[in-house]
Amino acid sequence: MTITTKRLSLQTMSTEIVVSGIRSTGHLHLGNYFGAIQNYLKMQDTYNCYFFVADYHALTTHPDPKLLRENVFRVLAENIASGLDPEKVALYAQSDVPEIPELYLMLNMLAYKGELEKVPTFKDKVRQQPENVNAGLLTYPVLMAADILIHKGAKVPVGKDQEQHLEMARNFAARFNKRYGEDFFPEPQVFRFSQDAMKIMSLDGNGKMSKSENVNATIYLSDSDDVIRKKIMKAKTDGGPTEPNSEMPDYISNLFVLLNAMSATETSQSYRDAFNNCNIRYGDMKKQLAEDMVAFVSPIREKAFELQQDHDMLRKILKAGAEKARASASETIEGARKLIGINYY
Ligand code: ADP
Ligand code: TRP
């Protein structure tokens, strides 16, 4: 029985390489879950996957060392609690793979100041932290390209906000190939199971759910049942539509996105019908959403909490993941060094 299952999984396994990372900057939230982790879970059975905690990227905002460490363990635990299986994928910390900063250094020579300054996420950060516009922020997309190209990653499951970074990774890969050797790196593409990128807005209608902003209007995987209920009940709504089949405002359609993801199809359809018929009661809808969300989040929260009590086990997972990642990374870096001409012995 086991043998048959193994054979089957080998037959259906794709050789395409998948890479993605999540920064260790705080507690994971529903945006991370639906924008990234949900795709990871679907990919882990069929692709050769490398998933990591982007702790070097987190340094761009100067985190407290104690908090950084805690966040790395938490992000790891929350990924596993969400269903990621460290036996099936390489799950590691970015800083455990020294080949990544080496490739980052090489790619930095192919990245130009002008193009880096134009990146919208860089401009946002300059606005948010004018006192700390460090070179790491400017070269953030180069490090991200190194994360992906170090494994010759072809598919990258990320949310919509990362598309520009991926375009830059493709440019750096193409530049390297042109300069040093055709087809050494693939040009990585964004990967999603559904056409529409899932973007989860903040419940107050201001921007997206995020690890460090809009915290009172973001549902975290670590939120208690009561906190989830309170946040949902406070979500922005209005007096309801006055014309049948009206267009939904963003903040209402965000509630429907969540309802679709968490609740039974008939439930979300009945509220959609009520919206279209102008007799929707947002209070009832939010109560339903809150209960379905509690049922969704609480098992993940409890499992993650349990995992975080066992740092030894998490460390073992990190070590095993780093070994898998370094096996692939060292092969790439050796090839890159040769192509560049750094091979003297
Ligand atoms: P954050 O912005 O909360 O710090 P990260 O930048 O570490 O999160 O993002 C990790 C992954 O989660 C990325 O693939 C990103 O696109 C996705 N993601 C983050 N926030 C959202 C959101 N609100 N909706 C959809 N996807 C998101
Ligand atoms: N920049 C990504 C984010 O903020 C995180 C990340 C770092 C990443 N390296 C990556 C995502 C490589 C995909 C692949 O969400």
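Residues numbered from 1 in each chain as written. Chains lettered and ligands numbered in written order. Predicted model: local features only at pLDDT ≥ 70, side-chain atom pairs only at ≥ 80, totals over all residues. Heavy atoms only, no water.

Draft legend 1. Structural context of the pairing of strand E1 (residues 17-23). Within E1, five of the seven residues are buried, which leaves it mostly tucked inside the rest of the structure. Between the parallel elements E1 and strand E2 (residues 48-54), the chain passes through helix H2 (residues 30-43) in a crossover that is right-handed. (Buried < 20%, exposed > 50% of the residue type's maximum accessible area, 1.4 Å probe, protein only. Helix = DSSP H or I, 4+ residues; strand = E, 2+ residues; numbered from the N terminus. Right-handed = clockwise from strand over helix to strand, strands pointing away.)

Draft legend 2. Spatial organisation of the site of ligand 2. Neighbouring residues of ligand 2: 13 residues in total, closest Arg23, Tyr140, Met144, Asp147 and Gln162. The contact in question runs from an oxygen atom of ligand 2 to an N or O atom on the side chain of arginine 23, over 3.3 Å. Glutamine 162 places a side-chain nitrogen or oxygen 3.0 Å from a nitrogen atom of ligand 2. Bound to the protein, ligand 2 loses 92% of the 360 Å² it would expose on its own. For the shell around ligand 2, the elements supplying multiple residues, two or more each, are E1, E2 and helix H9 (140-149). Looking at the shell around ligand 2 residue by residue, the classes come out as seven nonpolar, four polar and two charged. (Near = heavy atom within 4 Å. Polar contact = N/O pair within 3.5 Å; in protein donor to acceptor, adjacent residues only side chain to side chain. Areas by Shrake-Rupley, 256 points an atom, 1.4 Å probe, with all protein chains shown as cover. Nonpolar A, V, L, I, M, F, W, Y, C, P; charged D, E, K, R; others polar.)

Draft legend 3. Fine view of the site of ligand 1. Within the structure, ligand 1 sits among 19 residues, and His29, Gly159, Asp161, Lys208 and Lys211 are positioned closest to it. In this structure, asparagine 32 approaches ligand 1 through a side-chain N or O atom, which is 3.1 Å from an oxygen atom. Contact between ligand 1 and lysine 208: an oxygen atom at 2.8 Å from a side-chain N or O atom of the residue. Of all the elements in the fold, those that place two or more residues in the shell around ligand 1 are E1 and H2. Its residues assigned to classes, the shell around ligand 1 comprises six nonpolar, eight polar and five charged.

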